[in-house]
Amino acid sequence: MRYWLMKSEPFKYSWDDLVAEQEGTWDGVRNYRARNNLAAMEVGDQAFFYHSREGLEIVGICEVSVAGIGDPTDDTGKWAAVKIKPKTKLPHPVSLKQIKAEPQLAECELVKLSRLSVAEITPDEWSVILKMAGI
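Computed from a prediction, not measured in an experiment: that's the story for all the values here.

S.K.: Pulling in residues and values, what's your account of the environment of serine 65?
M.R.: Mapped onto the secondary structure, serine 65 falls in strand 4 (residues 57-70). Overall, serine 65 belongs to the partly exposed group, its relative accessible area being 22%. Filtering out sequence-adjacent residues up to four positions away, serine 65 remains in contact with Glu23, Val43, Lys83, Ile84 and Lys85. At 2.5 Å, the side chain of serine 65 forms a polar contact with the side chain of glutamate 23.

Here you go:
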């Protein structure tokens, strides 16, 4: 299993939207590295759900429920998508400020590649963030 971080602007698609739908399609990504990350995901992989622009914090954990699908918003066929289901709302959201202040997360893609909308999280980074969230 691999771990990921997926960013969404809450006014476009929030954690609460995913919870209400029970399964959402992660589409509309138009960055090659983020696309490659989506294409690498497998069913059962876990991802942090991160609110970007507003909040700037990890708010929940979701799970890849369908992998390897084409982006339904793309007519060219070159962009990837996955379906995700909500798993757990974090007891304590973890802010970008907290992440940047944690030395163990200095190499995290969220910190190093801050504009990347779908980032890989190492198992060690995953554990640190879970502890920060109170899990």
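So much for the structure itself; the text now carries on.
S.K.: Any chance you could break down the layout of surface pockets for me, citing the residues and the numbers?
M.R.: Space inside the largest pocket adds up to approximately 370 Å³. Surrounding the largest pocket, Lys7, Ser8, Glu9, Lys12, Tyr13, Thr25, Trp26, Asp27, Ser52, Arg53 and Ser117 form its lining. Mapped onto the lining of the largest pocket, the elements with two or more residues apiece are strand 1 (3-8) and strand 2 (24-26). Space inside the second largest pocket adds up to approximately 200 Å³. Looking at the lining of the second largest pocket, its residues break down into four nonpolar, three polar and two charged.

The rules behind each value
Residues numbered from 1 in each chain as written. Predicted model: local features only at pLDDT ≥ 70, side-chain atom pairs only at ≥ 80, totals over all residues. Heavy atoms only, no water. Helix = DSSP H or I, 4+ residues; strand = E, 2+ residues; numbered from the N terminus. Buried < 20%, exposed > 50% of the residue type's maximum accessible area, 1.4 Å probe, protein only. Contact = heavy atoms within 4.5 Å. Polar contact = N/O pair within 3.5 Å; in protein donor to acceptor, adjacent residues only side chain to side chain. 1 Å grid on protein atoms, 1.4 Å probe; cavity = no way out; pocket = protein on both sides within 12 Å on 5 of 7 lines; lining within 4 Å. Points joined across faces, edges and corners; volume = space filled by probe spheres on them. Nonpolar A, V, L, I, M, F, W, Y, C, P; charged D, E, K, R; others polar.

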